[in-house]
Amino acid sequence: MLTLLAAVFLSAAAPPASVTVTDLAGRTQEGEVEAFEKGRLRIRSGEEIREIPAEEIRTVSVRLAASSKPEPVLFLSDGSALPGRVGEIDKERVALRSESLGTRTFPLSAVRAVRFPDVMKSAEALAAFEQDRAKNRDPIDRLFVVRGTAHLTIPATVLSIGETEILVRWEGSERRLERDKTFGIVFGRSAPPPTPPEAARIHLTDGGMILAPIRSWTRGRLVAAAAGGELEVPAATVSSVEFSPDRLAYLSDLVPAESVDTPLLKGAAGYAVAWPMRKDGCARGGPLRLGRKTYPKGIGVHSRSRIGFDLNGDYKTFHAVAGIDDSTEGRGHCVFRILGDGKPLAAEFALKGTDAPKTISADVSGVRRLVLEVDYGEGLDLSDFADWADARVVK
């Protein structure tokens with residue numbers, strides 16, 4: 001998948017954003033954003049205007065001012081997640097007041113879940129809500145209600161939601177629940193519709209995310225075809241956009257053909273102390289962090305590790321940033337290897353926890369199986385939490 005981290009597209013009253021464009025091979029160019037239309041990004045550098053196909057772009061980035069990001073409260077069936085305040089909900093529509101979208105209503109049929117962030121909830125309750133939102137396909141609605149320090153999951157049919165109470169049908173009778181004791185509702189739905197291949201993840205400055213095809217994007221506004229109808233977003237509220245063409249695939253989105261963990265040390269009772277590979281996170285838990293930078297995509301491992309992916313000759317290059325995760329605080333020492341069909345694709349290299357991460361690229365043309373190995377270095381396997389951050393293959 002291709003990631004396009006686009007600049008804030010400012011309104012006509014503000015100057016255009018200065019950006020750095022990085023292509024799939026790592027080459028960069030700078031300029032000011034003019035527009036994004038019909039799958040092409042147009043930037044200005046001095047008097048020169050360049051058009052770049054989105055499928056050739058790795059990132060377009062701009063420095064953004066730090067700001068707090070509220071929690072999403074409205075989750076659409078297409079995967080969009082929007083912060084704000086949920087207003088009244090009836091049998092047909094949901095109202096949302098949002099910093100980026102203003103006041104907007106959505107068809108209830110397009111809504112997967114709502115959350116009320118001002119209601120106290122435990123980490124356990126929040127995890128249960130998120131799991132249900134992601135996996136539940138029952139036709140019945142599910143309400144997550146606080147009861148003291150615990151929470152209850154109530155299967156019922158939501159009839160309406162007002163400012164203070166929720167009307168439901170439960171066990172054949174209509175009942176009223178206090179809204180300030182309900183922290184989330186997952187609406188009964190069948191499997192969501194497939195995501196269109198041209199869909200983009202549109203990240204907003206208030207922390208929202210819209211997953212939808214972009215109809216148009218200029219300095220003044222962005223129009224996306226989201227669930228429930230078109231969404232018009234002020235361009236100044238767009239902080240980033242990720243595109244997902246077929247040319248690029250993150251390894252963490254693929255199913256490994258092999259994954260073997262061989263710990264060096266054993267516990268007192270003789271059992272192996274193993275740390276399995278972890279997708280999009282450090283093997284010991286937490287995010288992937290290398291060189292004080294957090295990577296949302298990649299694979300975290302612990303030595304000794306061997307992970308294989310079947311590419312079937314479909315890709316040309318492999319890219320990643322390799323290193324010892326920042327969580328080790330400078331400890332750890334690993335040897336990294338990249339193999340294609342059993343043969344080295346690049347010279348092996350060793351890194352310590354104090355070393356800067358290493359950006360790597362390898363030609364995988366014709367390779368049927370790509371294998372990433374992390375071996376023990378100095379100091380046995382202590383603190384050998386290694387990351388293949390941003391690991392991806394490109395056609």
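**Focus on the nonpolar core**
Logical step 1: Counting residues in each nonpolar core, the largest one holds 63 residues, and the members touching the most others are Leu 143 and Ile 210.
Logical step 2: Sequence-distant contacts of Ile 210, that is, excluding residues within four places in its chain, are made with Ser 80, Leu 82, Ala 200, Arg 201, Ile 202, Leu 204, Ala 224, Ala 226, Leu 231 and Val 233.

**Thoughts on the packing of aromatic side chains**
Logical step 1: Taken as a whole, this structure holds 6 aromatic pairs when the rule is applied.
Logical step 2: For the pair Phe 336 and Phe 349, a centre-to-centre distance of 5.2 Å together with 5 degrees between the ring planes defines the contact as stacked. In this pair, Phe 336 sits in strand β30 (residues 333-340) while Phe 349 sits in strand β32 (residues 349-352), placing the two residues 13 residues apart along the sequence.
Logical step 3: Residue classification places Phe 336 among the buried residues on the basis of a relative accessible area of 0%.
Logical step 4: For Phe 349, a relative accessible area of 12% gives the class buried.
Logical step 5: Note on Phe 336 and Trp 388: the rings are 5.4 Å apart at their centroids and 85 degrees apart in plane angle, and the pair reads as edge-to-face. One end of the pair, Phe 336, is in strand β30; the other, Trp 388, is in strand β35 (residues 385-394), and 52 residues separate them in sequence.
Logical step 6: Through pairs of rings, three or more aromatic residues link up here, namely Phe 75, Phe 129, Phe 144 and Phe 183.
Logical step 7: The ring of Phe 349 has Lys 358 sitting right over it, with the charged end atom 5.4 Å from the ring centre.

**So, the pattern of salt bridges**
Logical step 1: Summed over all chains, the structure comprises 19 salt bridges.
Logical step 2: Notably, a salt bridge pairs Arg 176 with Glu 165, separated by 2.7 Å at the nearest N-O pair. Placement of the pair is Arg 176 in strand β15 (residues 173-178) and Glu 165 in strand β14 (residues 165-170), with a sequence separation of 11 residues.
Logical step 3: Overall, Arg 176 belongs to the exposed group, its relative accessible area being 56%.
Logical step 4: For Glu 348, the salt bridge goes to Arg 337, with nearest N and O atoms at 2.8 Å.

Cut-offs used in this document
Residues numbered from 1 in each chain as written. Predicted model: local features only at pLDDT ≥ 70, side-chain atom pairs only at ≥ 80, totals over all residues. Heavy atoms only, no water. Core = buried A, V, L, I, M, F, W, Y, C linked by side-chain atoms within 4.5 Å. Buried < 20%, exposed > 50% of the residue type's maximum accessible area, 1.4 Å probe, protein only. Contact = heavy atoms within 4.5 Å. Phe/Tyr/Trp six-rings, centres within 6.5 Å; stacked < 30°, edge-to-face > 60°. Helix = DSSP H or I, 4+ residues; strand = E, 2+ residues; numbered from the N terminus. Lys NZ or Arg CZ within 6 Å of the ring centre and 35° of its normal. Salt bridge = Lys/Arg side-chain N within 4 Å of Asp/Glu carboxyl O.

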